[in-house]
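Overview (structure and organization)
Listed here are the chains, written in short residue letters.
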Amino acid sequence: SQQGEEDPQALSIQEGENATMNCSYKTSINNLQWYRQNSGRGLVHLILIRSNEREKHSGRLRVTLDTSKKSSSLLITASRAADTASYFCATAPSMDSNYQLIWGAGTKLIIKP
Amino acid sequence: EPEVTQTPSHQVTQMGQEVILRCVPISNHLYFYWYRQILGQKVEFLVSFYNNEISEKSEIFDDQFSVERPDGSNFTLKIRSTKLEDSAMYFCASSVRIQELFFGSGTQLSVL
């Protein structure tokens, strides 16, 4: 089954505003990760939150995880034009010897100057 | 800062031809992966590699695909006979721990 579904699919905000993206998933996880991808470029790891954590911060990023709702949110505060990118959540299922990450379709974030 | 490097950045090939995509993982990493992303679609897992063998592979990773770590630094993905539907961005990744990945910038493969 598919998991790691982000919403919204696209988000356009003014520079300086906060951007919130959500991710839902279906199965039990070891951790959930957020990645950024600039157009046509590679995937940059932003933050990892483990299943026993509820909130994590890294600079202007804040990630929350609600395992009871199987959902996570990524908040980018005081957005900048350089934050324009696609953001993906990826889940690490909690099965033995499971090496793969399962990805969502991503949220395309546009920051207007 | 150490990074995963991939070459080439773009590869154009004819259908039926063999291609080899190359990756140099971060030097102290133990786990190696290939993922791909067809334009406009989700990132998909292909294969993971640990201790000189495949640890897991997806349904996409059929007999046309193979991976190799020919020396202590390179990690390659070979597609034996490319199909049109193999056109995608291929990402190599490596990690110290399972599931905490560092990705390369990708190879855009175009099969004509």
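Cut-offs used in this document
Residues numbered from 1 in each chain as written. Chains lettered and ligands numbered in written order. Predicted model: local features only at pLDDT ≥ 70, side-chain atom pairs only at ≥ 80, totals over all residues. Heavy atoms only, no water. Helix = DSSP H or I, 4+ residues; strand = E, 2+ residues; numbered from the N terminus. Rg over C-alpha atoms; globule rule 2.2 N^0.38 Å. Buried < 20%, exposed > 50% of the residue type's maximum accessible area, 1.4 Å probe, protein only. Contact = heavy atoms within 4.5 Å. Areas by Shrake-Rupley, 256 points an atom, 1.4 Å probe, with all protein chains shown as cover. Pairing = 2+ DSSP bridges. Axes fitted to C-alpha atoms, helices over the stretch in contact; angles between N-to-C directions. pLDDT = per-residue confidence, 0-100. Salt bridge = Lys/Arg side-chain N within 4 Å of Asp/Glu carboxyl O. Buried area = accessible area lost by both parts, 1.4 Å probe. Nonpolar A, V, L, I, M, F, W, Y, C, P; charged D, E, K, R; others polar.

**Brief notes about the overall build of chain A**
- For chain A, the count of helices and strands is 0 helices and 11 strands.
- Seen in sequence order, chain A has helices and strands lined up from the N terminus as β-β-β-β-β-β-β-β-β-β-β.
- Over its C-alpha atoms chain A spans a radius of gyration of 14 Å, differing by no more than 12% from the 13 Å that the globule rule assigns to 113 residues.
- For the C-alpha atoms alone, the extent of chain A along its principal axes is close to 45 × 30 × 20 Å.
- Here chain A, with 113 residues, has 46% of them falling under the buried criterion.
- Counted over contacts in chain A with a minimum sequence separation of 6, partners at least 24 positions apart contribute 55%.
- As displayed, chain A offers around 5400 Å² of accessible surface, 45% of which is attributable to carbon and sulfur atoms.

**Some words on the overall build of chain B**
- Helix and strand content of chain B: 0 helices and 11 strands.
- Put simply, chain B runs from its N terminus to its C terminus through helices and strands in the order β-β-β-β-β-β-β-β-β-β-β.
- Relative to its length of 112 residues, chain B is compact, with a C-alpha radius of gyration of 13 Å against a globular reference of 13 Å.
- Expressed as lengths along the three principal axes of its C-alpha atoms, the size of chain B is roughly 35 × 30 × 25 Å.

**As for the sheet that holds strand 7 (residues 65-68) of chain B**
All names here are of chain B.
- In spatial order, the strands read 1-3-8-7; together these 4 strands make up an open sheet with antiparallel pairing. One side of each edge strand has no neighbouring strand; the edge strands of this open sheet are strand 1 (5-7) and strand 7. Averaged over all neighbouring strand pairs, the angle between strand axes comes to 20 degrees, with direction disregarded.
- Inspection of the sheet shows strand 7 paired to strand 8 (residues 75-79) by 4 bridges, in the antiparallel sense. Of the residues in strand 8, the one forming a bridge with Glu68 is Thr76.

**Describing the confidence of the model for chain A**
- Of the residues in chain A, 93% have a pLDDT of 70 or more, and the chain-wide mean is 89.
- For chain A, the element scoring lowest by mean pLDDT is strand 1 (residues 5-7) of chain A, at 77; strand 7 (residues 61-66) of chain A scores highest, at 97.

**Observations regarding the pattern of salt bridges**
- Summed over the entire model, instances satisfying the criterion amount to 5 salt bridges over all chains.
- Between A:Glu53 and A:Lys56 there is a salt bridge; the shortest N-O distance is 3.9 Å.
- Between B:Glu44 and B:Arg36 there is a salt bridge, with its nearest N and O atoms 3.2 Å apart.
- Because the salt bridges share partners, they merge into one network encompassing B:Arg36, B:Glu44 and B:Asp86.

**Here's the deal with the interface of chain A and chain B**
- At the junction of the two partners, chain A supplies 26 residues and chain B supplies 20 residues.
- Considering only the side of chain A, the residues that lose the most area to chain B are A:Leu43, A:Tyr99 and A:Trp103, jointly responsible for 39% of the buried surface there.
- The tally of links between chain A and chain B comes to 0 salt bridges.
- Looking at the side of chain A that touches chain B, the elements that each hand over two or more residues are strand 4 (29-37), strand 5 (43-50) and strand 9 (85-93) of chain A.
- In terms of residue count, strand 4 of chain A provides more of the side of chain A that touches chain B than any other element does, 5 residues in total.
- Taken together, the residues of the side of chain A that touches chain B sort by class into 10 nonpolar, 13 polar and 3 charged.

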